[in-house]
Amino acid sequence: MTIPLKTSALRRAIPIAWHQVRLLQPAKIAGSSTISALNILWHGHGILRSSSPALRFAAVAVICSLLTTVAEFLWLLATGPRFTGFESPTSRPATGEFESIDPIVDELKTLPPSELREEVLQLATEMKSFEAGTDREFVSTLSAPPPVAALTEAERDEALDRESRELMERHLLTRRAYRERFYRPARALRDELRKRLGIRNVSREPKIPALDAGILSGAKPITHAANYLVALARRLK
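The following refers to the structure shown. Because the structure is a prediction, the values reported are computed rather than measured.

### A short note on the pattern of salt bridges
By the definition in use, this model includes four salt bridges. Between K109 and D106 there is a salt bridge, with its nearest N and O atoms 3.9 Å apart. On the criterion of helical spacing, the pair formed by K109 and D106 is a turn pair, its members being three residues apart in helix 4 (residues 104–110). Given a relative accessible area of 47%, K109 falls into the partly exposed group. Measuring nitrogen to oxygen at the nearest pair gives 2.8 Å for the salt bridge that ties D212 to R190. Pair noted here: D212 is in helix 7 (residues 209–212) and R190 is in helix 6 (residues 153–197), with a separation of 22 residues, a long-range link. For D212, a relative accessible area of 31% gives the class partly exposed. On the basis of relative accessible area, R190 is assigned to the buried category, the value being 2%.

In structure tokens, the structure reads:
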């Protein structure tokens, strides 16, 4: 049973990897041409040294291009989506992109680069302001003065438990407000920017819980997500 499952998984993974391979890539062409030129300059040595310079250049360029294409395909196959073999053949493969019925996804596709960049910068500013406000509220809660009257040990424990509940509730409210206000548009903008920038292998992109799953973990999770969006927007031309 293991071999058929592996064959089925490969049948799904191979088309995805091959679709991502770029046959005509500037870096690939430049590298092949450089190696071909060095092969010609290596007089009396190298590949096809008895042939004419033009034939040597063309042959070595084709060989180098084929080798780099095969290497790129194998690398994409190894780092691409993982399949178990149990998936339905009619189901859509996981692409790492945000699927949503929100009309903002379709609207972003029609925006010119300058307007898309402005949308990102405006949303990033609002995200940072939102987190700064919640941080101030959190600090004010922690810095609240203790009661003047002396407390017994049981009363102190009860006060600490009450403060812990308040902090947890505040964190949950902040997470809920972030998901309702920023999570969907931020992910939609991230996915559109990745498409326009040609970022195909999203597994090599930084993991940002606030964008990936709406989880607020770390010191400045929302600011971290906003900075990532701004960095993508600045690369957009």
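### Side note on helix 6
Largest kink in helix 6: about 50°, centred on F182, with the proline P185 one to four residues after it. At the C-terminal side of helix 6, G198 shows a positive phi close to 75°.

### Digging into the nonpolar core
Side chains of a nonpolar character, in soluble globular proteins, are inclined to be buried together. Counting residues in each nonpolar core, the largest one holds 29 residues, and the members touching the most others are M127, Y178 and L211. For this core, the secondary-structure elements that each account for two or more residues are helix 4, helix 5 (113–142), helix 6, helix 7 and helix 8 (221–235).

### Notes on the environment of V21
Considering the arrangement of structural elements, one finds V21 in the loop between helix 1 (2–20) and helix 2 (26–41). With a relative accessible area of 10%, V21 lands in the buried category. What V21 contacts, discounting residues up to four positions off in sequence, is T69, E72, F73, L76 and R200.

What counts, and where the lines are drawn
- Residue positions are counted from 1 within each chain, in the order its sequence is given.
- Only residues with pLDDT of 70 or above have their local features reported here, since the model is predicted, and side-chain atom pairs are shown and tallied only from 80 upward, although totals for entire chains, interfaces and linings are computed over all residues.
- Excluded from the side-chain calculation are hydrogens and water; included are all heavy atoms of the structure.
- Should a side-chain nitrogen of Lys or Arg be within 4 Å of a carboxyl oxygen of Asp or Glu, the pair is scored as a salt bridge.
- Only DSSP runs of H or I with at least four residues qualify as helices, and only runs of E with at least two residues qualify as strands; both kinds are numbered from the N terminus onward.
- Partly exposed residues are those whose accessible area sits between 20% and 50% of the maximum for their type, while under 20% is buried and over 50% is exposed, using a 1.4 Å probe and protein chains only.
- Throughout, the bend at a residue refers to the angle made by two axes, fitted to the seven residues ending there and to the seven starting there.
- By convention a nonpolar core is built from buried Ala, Val, Leu, Ile, Met, Phe, Trp, Tyr and Cys residues, the set being connected through side-chain atoms within 4.5 Å.
- Only heavy atoms matter for contacts: two residues are in contact if any of them lie within 4.5 Å across the pair.

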